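The primary structure of each chain is shown beneath.
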Amino acid sequence: MGAPKKAPARAVSDDPEDLASVPLQAVLLADSFATRFRPITLERPKVLLPLVNLPMIEYTLAWLESAGVEEVFLFCCAHAKQVISYLENSQWYAQPKFKVTTIESHNSVSAGDALRLIYERNVIHGDFVLISGDTLSNMSLMRALQEHKERKKKDSNAVMTMVVQRSKPSPITQQSRLGTDGLFMAIDPTTKQLLYYEENTNHLKGTLSIDKMLLVENSSITLRNDIQDCYIDICSPEVLSLFTDNFDYQHLRRHFVKGLLVDDIMGYKIFTHEIHSSYAARVDNYRGYDTISKDIIQRWTYPLVPDVLSLGNSATNLERQGMYRAFEIGQSRSAQIGPHTVIGTNTTIGSNTKITNSVVGKNCAIGSNVLIEGSYVWDNVTIEDGCELRHAIVCDGVIMKSGSVLKPGVVLSFKVVIGQNFVVPPYSKVSLLKQPTKQDSDEELEYADNDSDTLDPAATGTMDKLNGDSSLEFSEMQDHVSSELGYGGVGYIWSICEGSHEEEWRHSVAPIPAEKVAEITQVIEDDLELVSQDSNAPASSGELKPDTQINAEDDAVYFEKEVEATFLRAVNENVEVDHVILEVNSLRLSYNMQAADCAGAVFHSMMKLALDTTHSSQNELLRNVHETVNTWQKLLKSYLPGKDEEIEVILKFEEICLESVRELSPLFTQILHLLYEKDIITEEAIEDWESEKKDADEADRVFVKQAEIFLKWLREAEEDDEEDDE
Amino acid sequence: MDFQVVVLAGGFSKKLVPLVSKEVPKALLPVANRPVLSYVLELLEQSNLKDLIVVVEGEDAAFLVGGWISGAYVDRLHVEVAAVPEDIGTAGALRAIAHHLTAKDILVVSGDLVSDVPPGAVAAAHRRHNAVVTAMLCSAPVSGPADSGSSGVKDKTKKAGRYNLIGLDRSKQFLLYIATGAELENDLRIQKSILRAVGEMEICADLIDAHLYAFKRTVLQEILDQKDTFQSLKEDLLPYLVRSQLKSEILFNGAPQPEENANEKVASQNNQVLLSQILSNSSRPNFHELHELGSYGSASSRRTHKCCVYIASKSKYCARLNSIQAFSDINRDVIGEVNHLSGYSFSAHNNIIHPSAELGSKTTVGPHCMLGEGSQMGDKCSVKRSVIGRHCRIGSNVKIVNSIVMNHVTIGDGCSIQGSVVCSNVQLQERVVLKDCQVGAGFVVIAGGEYKGESLAKKEK
């Protein structure tokens, strides 16, 4: 485990000559375009959430300033007003040699939109640092920047340098200590070029497929699973225009990085820069929040630590065993404050209260006999006597009535009131806002987990009320005293199963319970079993196929359906072929499919179309096929770069005839001939298909038999050709 | 050393037609005028591995090979020659002779290997890691065979296929992945579980599997028994072992099981682990041991086995005679760049002319050439970078460049032979021109014939 080493303060030591020509610019995305921190982010933008009593954006800006960035374009979208008003009251607008400009948008739903907007503004003139407002680092940018510039000089296609860090994911949960999924990367060991990037790994898929061509170009590549993406990118201005050119790029990694890696037409390259001794991490989820908070308290992030960085006059004092206490706190003599704990200003702590491994904000009132363990209590929280908090996050203004208990993993959003002696079940998320109803529009489902923090109108309405005069709403709620949260409680418990949130324990602040660990360990065992089992199968060639195929099958089915829908829409709306190609391409990227899969799916759709067009006899059906192929051959051809794909089409065709559309099977030979005549399928492909089938079962050879005459004709024609040649 | 060596000498390989014939099986093809098999045998002898089983495909071939070995190595090596049916694959061949295997570890080496990498080093690496299999890998030549100029266009497509794709751990001691079958054609499929366990894997395309493996005998026998579909060591058995290394299915249920798993293990294991760590220069236990432990002390400790590699240093020579191209290349290399392998001492002109050979006037034999016993050459001949066998009769005005001429060949006046292989007892009449040809044993090329890139052989009846 590459635990970060304590790095010395790297203040503004950058030599000015180097940077004088172009001031170093940065684009800071103050919107994560994600929903991991809901329900909290419904009311406050993620970048303003306190991380060890300081808003996250403070850390990011402080780092950018210390790293020599001179101009920051701060992009805000969700809760833009809050971000701007925060900045107006902060020191950042008044810094010399550090200019912060906000760019506000109301309709961006992704990082892609944000970058497109920034491109339109035409404010970036040179290499820039791309970072989101929830990233924490103390690395020096000099080396990475220099490497980037040197590479850029030699190869103008080197558009991006990605900062990565060694961190081995847990062998059990396969997630990093920041709670992100294990990442697979392939990197060229000499040039450090990024060749492959796979995040969001499908846990079921037992193998990773790497394009063989990578190894034709490079004599060796390094595959890594022990690396963590820091989400700090050094980009050339071309990156912005790339986003504009590819309007379908939304997500920085999922679309942009993958897009560049898959599409080698433009030849753009991404490189990595590995940091070893400095700290860099991004708060991606609650677990990351927990880990990073602890790292801050334990000073891995120096100089970004509570006693160095402090807002206004609330100075904090570092005491033994990693205890940070503000000067003005009211602490009872019998209260125990354990190690690695931070207590904010004006907080009072009652007698016999025990606080360990926790962060408590400003102006909190904590009663007697309270137990707080591994929790994050923000500002102005009232915790009455006898409460228990374990591994929970408690937002501003929450009131916990006496005797209430928070089980591990609970998140209480702003101003929630927990009733007396109420026990909040583990992993609950409680908010004054109702859980947004299931998003059902297609678009939103697709981006369900990287959707922006923008709210549906209903929720925004409630929120405005809350921000304005919440008293009305408040009193209204106070009326029905026995709410979901016990006597006197106010708020709604969100139901847990919301799409990607089903595996709550993975991303929660609470440590993973032992039974879960046992459970996953079992799964891993089974997983391994699976791998070795399929090698048991009499695969004489020793391939590793069956396992992956089963799991890839679902994807393939969905993919096929999507392609079919796209295709039918194109037919009905007379969409131009080029546009259809573009759409299918984007589907291909998002499903991670090969050209052969596309060809198969497109062909499938074409046959479906021919079949759905009215026909009364076989001849008419054949004519339909003729017409469809005529109209759409360009589409099909664009996915047939080589023989393998063509063979795939023939195999697909067989499958169609056998399984879904039996009506086509008598026409197999004619259609094959048609495809041959249209130059869609070459004779080599047909021959290869035939020879591939040579050893197959009788049942599998039905179509070879059917096409026998055609095949014979083909061979003879070829021989004739050869004779002619001689 | 308690190593038993199995030399897989093949039979009449179809790939090498017309060079091989009924009289000359693959193992006896001459490299610098001695059978290719002798290179392996002498290499093994140097490492003091003298207990050998030579496995030959086909009774006839076995008879020929056996005859030659008993003549040449009668006192030096303890060799057993075993005949196995043809086309049963390398794994099949081992299965057929499995009952002969008794030693703790088995070294399996291909009979067509021409190399100066000591097999003893492979054996040592194998023992050091207590591996189930250790494979020897060599660096691929930087620019391919010397005369690949003509095949320059093909090079790009061939490149990835010709070499192996091999995944190694960071310390380059463990074999984590080896591409097989379809993977060489399509995409590589890397097991995530292994990658997760090891964290970092380097996939190299510039290493060649030298076809020299050390196996733990019990494991080898067990797998051969259970997986009766396995045909090839390289394509079935080795990938299987690599794939299942973190989830070992090997039961170690052979006879030596108790000593391997019981109390002795506990005592010796610690020492062994320690030793292996010191030797491998790592301060931490390797990923196999970590994986075995599981985490959070999970109840079922996993069984793993280790697949290791020995990577020969770049300066070593290593090639396999498994194609006609390789035959020419190896012959040229052995009398050229790596002439220490040939076992002859070269003259001041960097060539070897047997004292009994006769040269006509104005005949020149250039450097990197070899002229065998009793061969005669006429006047004004020129030989460059070629091997000429024993008792050849070569006329006048003959040019031989980059070629191999085997024994008892008759070459008429005015012939020109370039980049070709001429097998034993061939007769080339006057003014024959051969370029990049192979001429099978006993063939007669009529006067004035000109051939380019052809394979000439007698029709098999």
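Residues numbered from 1 in each chain as written. Chains lettered and ligands numbered in written order. Predicted model: local features only at pLDDT ≥ 70, side-chain atom pairs only at ≥ 80, totals over all residues. Heavy atoms only, no water.

### Concerning helix 5 (residues 111-121) of chain A
Residues and elements named next belong to chain A. Rules: Exposed residues in this analysis have more than 50% of their type's maximum accessible area, buried residues have under 20%, and partly exposed residues fall in between, with area computed by a 1.4 Å probe over protein chains only. The secondary structure listing takes helices from DSSP runs of H or I that are at least 4 residues long and strands from runs of E that are at least 2 residues long, numbered from the N terminus.
Extensive coverage of helix 5 is indicated by the burial of eight of its 11 residues. Every buried residue of helix 5 is accounted for by Ala111, Gly112, Asp113, Ala114, Leu115, Arg116, Leu117 and Ile118. Remark: Asn122 follows helix 5 within two positions and exhibits a positive phi of approximately 60°.

### Things to note about the packing of helix 5 of chain A against helix 8 (residues 238-245) of chain A
Residue and element names in this part refer to chain A. To be explicit about the condition: Angles shown run from 0 to 180 degrees and are taken between the N-to-C directions of axes, each axis being a line fitted to C-alpha atoms and, for helices, limited to the stretch in contact. Our angle categories are set so that under 35 degrees counts as roughly parallel, over 145 as roughly antiparallel, 65 to 115 as roughly perpendicular, and the remainder as oblique. Each helix crossing is assigned a hand: it is left-handed if the near helix lies turned anticlockwise from the far helix by less than a right angle, otherwise right-handed if that turn is clockwise. Any two residues having at least one pair of non-hydrogen atoms within 4.5 Å are treated as being in contact. Put simply, Ala, Val, Leu, Ile, Met, Phe, Trp, Tyr, Cys and Pro go in the nonpolar bin, Asp, Glu, Lys and Arg in the charged bin, and everything else, Gly too, in the polar bin.
At a minimum axis separation of 8 Å, helix 5 and helix 8 run at an interaxial angle of 115°. Judged on the interaxial angle alone, helix 8 and helix 5 are roughly perpendicular. Here helix 5 runs over helix 8; the crossing is left-handed. Note on element contacts: helix 8 touches helix 5 through Leu240, Ser241, Phe243 and Thr244, opposite Gly112, Leu115, Arg116, Ile118 and Tyr119. Here the residues of the contact of helix 5 with helix 8 are counted per class, giving five nonpolar, three polar and one charged.

### Here's the deal with the confidence of the model for chain B
Atomic detail in the predicted coordinates should be set aside for any region of low pLDDT. Counted only if it meets this: Per residue, pLDDT measures the predictor's confidence, with a range of 0 to 100.
The predicted model of chain B averages 79 in pLDDT, with 81% of residues at 70 or higher. In the predicted structure, residues 252-272 of chain B sits below a pLDDT of 50 and forms 17 contacts with residues beyond four places in sequence or in another chain.

### Some words on the packing of aromatic side chains
Residues and elements named next belong to chain B. Definition in use: Working definition: a ring pair exists when centres of Phe, Tyr or Trp rings (six-membered ring for Trp) sit within 6.5 Å. Plane angles under 30 degrees give stacked, over 60 give edge-to-face, the rest tilted.
Under the counting rule described, the total for this entry stands at 17 aromatic pairs over all chains. Both rings, one in Phe230 and one in Tyr240, keep their centres 5.5 Å apart while their planes meet at 65°; by these two values the pair is edge-to-face. Remark: Tyr240 occurs in helix 9 (residues 233-243) and Phe230 occurs in the loop between helix 8 (217-226) and helix 9; sequence separation between them is 10 residues. Tyr240 matches Phe230 in its accessibility class, with the two residues each being buried.

### Structural notes on the pattern of salt bridges
It is possible for side chains of opposite charge to pair when their charged atoms get near one another. Which entries qualify depends on this criterion: Should a side-chain nitrogen of Lys or Arg be within 4 Å of a carboxyl oxygen of Asp or Glu, the pair is scored as a salt bridge.
Counted under the stated rule, the structure contains 32 salt bridges over all chains. Lys634(A) serves as the salt-bridge partner of Asp578(A), at 2.9 Å between the closest nitrogen and oxygen. Separated by 56 residues along the polypeptide, Asp578(A) in helix 17 (residues 577-591) and Lys634(A) in helix 19 (residues 618-637) bring together distant segments of the chain. The class of Lys634(A) is partly exposed, set by a relative accessible area of 46%. In this structure, Glu42(B) engages Arg76(B) in a salt bridge whose closest nitrogen and oxygen atoms are separated by 3.8 Å. Of this pair, Glu42(B) sits in helix 1 (residues 36-46) while Arg76(B) sits in the loop between helix 2 (59-72) and strand 5 (78-84), placing them 34 residues apart in sequence. Each of Arg166(A), Arg224(A), Asp226(A), Glu274(A), Arg170(B) and Glu200(B) takes part in a single network of salt bridges with overlapping partners.

### Section: the pairing of strand 14 (residues 269-275) of chain A
Remember that side chains alternate between the two faces of the sheet whenever the strand is regular. Residue and element names in this part refer to chain A. Where we set the bar: The criterion for strand pairing is that DSSP finds at least two bridges linking the strands in question.
Of all seven residues in strand 14, five are buried, a share of seventy percent or more. Note that strand 8 (residues 158-166) and strand 14 share seven bridges and pair parallel. Counted as the bridge partner of Met160 is Ile270 from strand 14.

### Quick look at the sheet that holds strand 33 (residues 417-418) of chain A
Residue and element names in this part refer to chain A. A sheet is described by the order of its strands in space; here six strands give the open sequence 18-21-24-27-30-33, paired in parallel fashion. The open sheet has two free edges, formed respectively by strand 18 (330-331) and strand 33, since each of these has just one partner strand. Looking at chain direction, strand 21 (residues 348-349) and strand 24 (residues 365-366) are connected through two bridges and run parallel. Paired with Ile349 across the bridge in strand 24 is Ile366.

### Considerations on the environment of Leu664(A)
Residue and element names in this part refer to chain A. Among the structural elements, Leu664 can be located in the loop between helix 20 (643-660) and helix 21 (668-677). Leu664 sits 54 residues away from Ala610 along the chain, and the two C-alpha atoms are 9.9 Å apart. Ignoring anything within four residues of it in the chain, the contact list for Leu664 reads Met607, Leu611, Leu621, Val625, Ile656, Cys657 and Ile671.

### Some details on unusual backbone geometry
Residue and element names in this part refer to chain A. Each neighbour pair has its own omega, and for Arg38 with Pro39 the value is 5°, a cis peptide bond. When you line up the elements, Pro39 lands in the loop between strand 1 (25-29) and helix 2 (40-43). The omega torsion across Tyr302 and Pro303 is 10°, close enough to zero to call that bond cis. With respect to the helices and strands, the residue Pro303 is situated in the loop between helix 10 (286-297) and strand 16 (316-319). Even without being a glycine, Asn357 presents a positive backbone phi close to 45°.

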